[in-house]
Amino acid sequence: MTSRLLMPYRSAGRAARSDVRRVARPPEVRGSTRATEILDWTDPGVTALVNRVRGRASASETLRVAHGIIAREIRPVYSVEDRRRVSTTLRLGRGSCSQRMAVLEAVARAVGIRTRVRGLLVDGVFWYPRFPRLKPLVPRQVLLAWPEFRLEGAWVPIGELFGKAGGDGFTNRGGETLFDAVARTTVGWGGTTACGALGGGCDLSAQVQVDLGHFDSRDALFTQHGQTLCFAARTVTEPVLGRWSAGA
């Protein structure tokens, strides 16, 4: 049994009621380049990172270079504060998979690339390999903000940013996070991503319980649907999980 007590009231209720995989939403969400409370790219700390990636040959290359810097310089941890400002993540030098993705979104917006997120409620079982002794405390559903970038007139999910279909998939074990995995293999949630012969972890659509659709920003997603853990649970667990290195 997984924990429903740790989840916000709205999420817990939805987990109990929902038998559908997709929630109807408007067909087109344009995204934005504006700064938000989370994507505070006007902060000097974020601006310093942005200045390191300017002048690349293409918008795609800019994002790939920024991804590499974030992967090297921001230590992956299990922080549960999804609404943490990007500037805070950079200052701390550590962040969850979601927080590191937010940093990349902020960089994109700062250089004029529109971003949006796809909201997914992912089966908590997907995270069992990372917490084998804490399975009863893993929420039944985990809310994931999956970024997309407007590049050359099309929306490109972060899992396709490097264009490396195949590989040995993603197992959600060890120190590699979803953020890191996209640099070596395509990762998707829609049932259309091909994987190499060595594994079937690239297409993770089977883990999606509810597709909430697209939102102009992760701020909008979390405002409407809350975070995975309730405030009390975040307050208690963040001091530990926020410093617990992925794979440790």
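Since the model is a prediction, treat every value here as computed from it, not as a measurement.

**Considerations on the pattern of salt bridges**
Next up, step 1: Taken as a whole and assessed by the stated rule, the structure comprises eight salt bridges.
Next up, step 2: For Arg52, the salt bridge identified is with Glu73, shortest N-O distance 2.8 Å. Within this pair, whereas Arg52 is found in helix α2 (residues 44-53), its partner Glu73 is found in helix α3 (residues 59-73), the two being separated by 21 residues in sequence.
Next up, step 3: Since its relative accessible area comes to 41%, Arg52 is described here as partly exposed.
Next up, step 4: Residue Glu73 is classed as partly exposed on the basis of its relative accessible area, which comes to 42%.
Next up, step 5: Of the charged contacts, one joins Arg84 and Glu238 as a salt bridge, the two residues approaching to 3.3 Å between their closest N and O atoms. On the criterion of sequence distance, the pair formed by Arg84 in the loop between β1 (75-76) and α4 (86-92) and Glu238 in helix α8 (residues 231-241) is long-range, its members being 154 residues apart.

**Thoughts on α3**
Next up, step 1: With 15 residues, α3 extends 21 Å between its outermost C-alpha atoms, agreeing within 8% with the 21 Å of an ideal straight helix rising 1.5 Å per residue.
Next up, step 2: Within α3, the full set of buried residues consists of Ser60, Thr62, Leu63, Ala66, His67, Gly68, Ile69 and Ile70.
Next up, step 3: Where the residues of α3 are buried, they touch α2, α5 (97-110), β4 (141-151) and α6 (178-181).

**Here's the deal with the nonpolar core**
Next up, step 1: By size, the foremost hydrophobic cluster in this structure holds 63 residues, and its most contacted members are Leu104, Trp146, Leu178 and Trp189.
Next up, step 2: Looking at this core, the element that brings in the most residues is α5, giving nine residues.
Next up, step 3: With near-sequence residues (within four places) excluded, Trp146 lies in contact with Met101, Arg116, Val117, Arg118, Leu120, Pro157, Ile158, Gly159, Leu178, Val182, Val187 and Trp189.

**Points about the sheet that holds strand β5 (residues 154-157)**
Next up, step 1: Here we have four strands laid out as an open sheet, ordered β5-β4-β3-β6, and antiparallel in their pairing. The sheet terminates laterally at β5 and β6 (208-215), the two strands that pair on one side only. Shown here is a sheet whose adjacent strand axes are inclined to one another by a mean of 30°, direction ignored.
Next up, step 2: Of the pairings in the sheet, the one linking β4 to β5 comprises four bridges and is antiparallel in character. Looking across to β5, one finds that Phe149 is bridged to Val156.
Next up, step 3: Helix α7 (residues 218-225) contacts β3 (115-123), β4 and β6 of the sheet and is inclined by roughly 155° relative to β4.

**A short note on the pairing of β4**
Remember that side chains alternate between the two faces of the sheet whenever the strand is regular.
Next up, step 1: Along β4, ten of the eleven residues are buried, which leaves the element largely enclosed by surrounding structure.
Next up, step 2: Alignment of β3 against β4, held across nine bridges, turns out to be antiparallel. Considered in β4, the bridge of Arg116 is made with Glu148.
Next up, step 3: The hairpin turn running from β4 into β5, its antiparallel successor, is two residues long, and Glu152 in that turn takes a positive phi close to 50°.

The rules behind the values
- Residues numbered from 1 in each chain as written.
- Predicted model: local features only at pLDDT ≥ 70, side-chain atom pairs only at ≥ 80, totals over all residues.
- Heavy atoms only, no water.
- Salt bridge = Lys/Arg side-chain N within 4 Å of Asp/Glu carboxyl O.
- Helix = DSSP H or I, 4+ residues; strand = E, 2+ residues; numbered from the N terminus.
- Buried < 20%, exposed > 50% of the residue type's maximum accessible area, 1.4 Å probe, protein only.
- Expected span 1.5 Å × (residues − 1).
- Contact = heavy atoms within 4.5 Å.
- Core = buried A, V, L, I, M, F, W, Y, C linked by side-chain atoms within 4.5 Å.
- Pairing = 2+ DSSP bridges.
- Axes fitted to C-alpha atoms, helices over the stretch in contact; angles between N-to-C directions.

By themselves, these observations are geometric and do not establish any function.
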